[in-house]
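Coordinate analysis (summary)
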Amino acid sequence: MQTELAEFMRGTAEGQEAEDILRKCVHCGFCTATCPTYLLLGDELDSPRGRIYLMKEMLENEQEPTSEVVTHIDRCLSCLSCTTTCPSGVNYMHLVDHARFYIEERYKRALHERVLRALIARILPFPERMRVAIRLAWFGQWLKPVLTRVKAMQPLAAMLQLAPGSLPEPVAARNAPASGNRRGRVVLLQGCAESVLRPQIRAATVRLLTRVGFDVDFAAGETCCGALTWHLGRKEEGLEAARRNIDAWRREMESGLDAIVITASGCGTTIKDYGFMLRDDPQYAEDAARVSALACDVSELLVQCGLPAQRTAPQLTVAYQSPCSMQHGQKVVREPIELLAAAGFNVRQPVEAHICCGSAGTYNILQPEIASRLGQQKAEHLDRLQADVIATGNIGCATQIERHSGTPVVHTVELLDWATGGPMPAPLSPYVNE
Ligand code: SF4
Ligand code: SF4
């Protein structure tokens, strides 16, 4: 694709990067076939190719973002299905991130949108604030029908809808030594939403990794990975979170570290990108690249090490749904399936497994209508498998699928922990006798 970037972008690292990405697109349109918003809405401007054109026009001509451009970019889930499909290797992720920063700097959103986005950025990345917000949401449930009727207020209704009816007891981030033969030492990402909504995932991961032979430590001073604010276009807030985490992990890396283990694939995709995000920061570039190289999804580490000796394998059928950030963002596809099969589960996969469930970070708050339709589709495909349980690898996907499906939903590590000596995952207890 011919490109001619605006004067202000020429010669900058970001401008060069955007230009390189845009030049790779040959306009073939293969990506449209796997784009959830195009498949749902049928509008070329809601396809990757259409969005690439809009971004090219905006960046080339240094245009102020129009409401039309913002609408179509906002509707993108950042699911990255298009990057898996694209035969030319277009790095859509970095391009759309760049466009979001550009929009955030130059486009004045309606007041209610600004307030909502600021609230999301100030609350969701902080577990304590999130807990308070969920408790407040319990008192605001009566507002849901009213808010649902006003289009501008639907994201607030979605927030109320997403708030769980109760909060589980937190699981402390306490260092745990390896049991049995010691293999090494890892740091486990503490995370934000996952630690509030499903702290059992942390407990299961610590049990499983120590059983495999790792000392599992938690780094003091860690914060949210930055994905939430980054994808809202709040670049500096995302970078600040990345720098804070690198500071925290720098100390850990000095004492010898085999991996930074992540159980939420959305966070994993972002942390694996720290090296790129901070490539021009002289104080952080080198350590950011080291952090990205050490970051891995828990399933990647487990496949390398093998599972501990199993007790009796639970005779259950598992419907496995790979999060987009796992399959498209990190290209981690076979690992969770192989692990579940090795643990004795009968694993099935739904049709259209490559299509997003509609969770996509804060997408199910900001675009509730599209998210809900995608969630329903995903749940129908999964329920059709008639599995005993659905497994996935990202808290956002688990929450979204749970809303729409009648089948219990757990994290893959909860099943692997159970199969190798841990307790049965709580969502299964009403359905399965141990
Ligand atoms: S990231 Fe997902 S929603 Fe966005 S253009 Fe690509 S396939 Fe479509
Ligand atoms: S598949 Fe790749 S090259 Fe083809 S239109 Fe989509 S982004 Fe461009």
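Residues numbered from 1 in each chain as written. Chains lettered and ligands numbered in written order. Predicted model: local features only at pLDDT ≥ 70, side-chain atom pairs only at ≥ 80, totals over all residues. Heavy atoms only, no water.

1. What about the side chain of H328?
- If you trace the backbone, H328 turns up in helix α19 (residues 324-329).
- Of note is the side chain of H328, whose polar atom sits 2.9 Å from the backbone oxygen of H354.
- With near-sequence residues (within four places) excluded, H328 lies in contact with C79, L80, S81, T83, T84 and H354. (Helix = DSSP H or I, 4+ residues; strand = E, 2+ residues; numbered from the N terminus. Polar contact = N/O pair within 3.5 Å; in protein donor to acceptor, adjacent residues only side chain to side chain. Contact = heavy atoms within 4.5 Å.)

2. Regarding the site of ligand 1
- Taken together, the neighbourhood of ligand 1 is formed by 13 residues, with C35, R51, C76, C79 and C82 sitting nearest.
- Listed by contribution, the elements that provide at least two residues to the shell around ligand 1 are α2 (36-41), α3 (48-60) and α5 (81-85).
- For the shell around ligand 1, the class distribution of residues is nine nonpolar, three polar and one charged. (Near = heavy atom within 4 Å. Nonpolar A, V, L, I, M, F, W, Y, C, P; charged D, E, K, R; others polar.)

3. Examining the sheet that holds strand β1 (residues 184-188)
- Spatially, four strands are ordered β2-β1-β3-β4 in an open sheet, and the strand pairing comes out parallel. The open sheet is flanked by β2 (214-217) and β4 (295-297), the only strands paired with a single partner. Looking at each pair of strands side by side, their axes are set apart by 35° on average, direction ignored.
- Direction of pairing for strand β3 (residues 259-262) relative to β4: parallel, over a ladder of three bridges. Across the sheet, the residue bridging to I262 is D297, located in β4.
- Lying on the sheet, helix α18 (residues 298-305) is in contact with β1, β2, β3 and β4; it crosses β4 at an angle near 85°. (Pairing = 2+ DSSP bridges. Axes fitted to C-alpha atoms, helices over the stretch in contact; angles between N-to-C directions.)

4. Digging into the site of ligand 2
- All residues adjacent to ligand 2 are C25, V26, H27, C28, G29, F30, C31, I52, C86, P87, S88 and V90.
- Looking at side-chain class alone, the shell around ligand 2 contains nine nonpolar, three polar and no charged residues.

5. Side note on the packing of helix α1 (residues 13-24) against helix α6 (residues 92-106)
- Direction vectors running N to C along α1 and α6 enclose 130°, while the axes themselves pass 9 Å from each other. Between α1 and α6, the interaxial angle falls into the category oblique. The chirality of how α1 crosses α6 is left-handed. Two secondary-structure elements touch here, α1 through E14, E17, A18, I21 and L22 and α6 through H94, L95 and H98. (Parallel < 35°, antiparallel > 145°, perpendicular 65-115°, else oblique. Left-handed = near helix turned anticlockwise from the far one by under 90°.)

6. Looking at the packing of aromatic side chains
- Evaluated as defined, the whole model comprises three aromatic pairs.
- Seen in terms of ring centroids, W249 and Y274 are 6.4 Å apart; in terms of plane orientation they differ by 25°. Their pairing is stacked. With W249 in helix α14 (residues 235-254) and Y274 in helix α16 (residues 274-277), the pair connects residues that are 25 residues apart, well separated along the chain.
- The class for W249 is buried, based on a relative accessible area of 0%.
- A cation over a ring is seen here: R129 above F126, with NZ or CZ 3.9 Å from the ring centre.
- Sitting above the plane of the Y284 ring, R250 keeps its charged end 5.0 Å from the centroid. (Phe/Tyr/Trp six-rings, centres within 6.5 Å; stacked < 30°, edge-to-face > 60°. Buried < 20%, exposed > 50% of the residue type's maximum accessible area, 1.4 Å probe, protein only. Lys NZ or Arg CZ within 6 Å of the ring centre and 35° of its normal.)

7. Remarks on the nonpolar core
- Judged by nonpolar contacts, the single largest core of 40 residues is most densely connected at L209, V261, L301, F345 and L415.
- In contact with L209, not counting residues within four places along its chain, are V186, F214, V216, V261, V298, L301 and L302.
- With 27 residues, the next largest nonpolar core counts A248, W249, L278 and V291 among its residues. (Core = buried A, V, L, I, M, F, W, Y, C linked by side-chain atoms within 4.5 Å.)

8. Topic: the packing of helix α20 (residues 334-342) against helix α24 (residues 412-419)
- Two elements in contact, α20 and α24, have axes separated by 10 Å at closest approach and are oriented at 25°. Between α20 and α24, the crossing angle belongs to the class labelled roughly parallel. Crossing geometry of α20 relative to α24 is assigned as left-handed. Seen from α20, the contacting residues are P336, L339 and L340; seen from α24, they are T412, L415 and L416.
- Class assignment of the residues belonging to the contact of α20 with α24 gives a composition of five nonpolar, one polar and no charged.

9. Digging into helix α17 (residues 285-294)
- Taken together, the buried positions of α17 are D287, A288, V291, S292 and L294. All buried residues of α17 project into a common sector of 165° when viewed along the axis, lining one side. Facing away from the buried side of α17, by more than 90 degrees, are the exposed residues E286 and A293.
- On its buried face, α17 is in contact with α14, β3, α15 (265-271), α16 and β4. (Arc of directions from axis to C-beta.)

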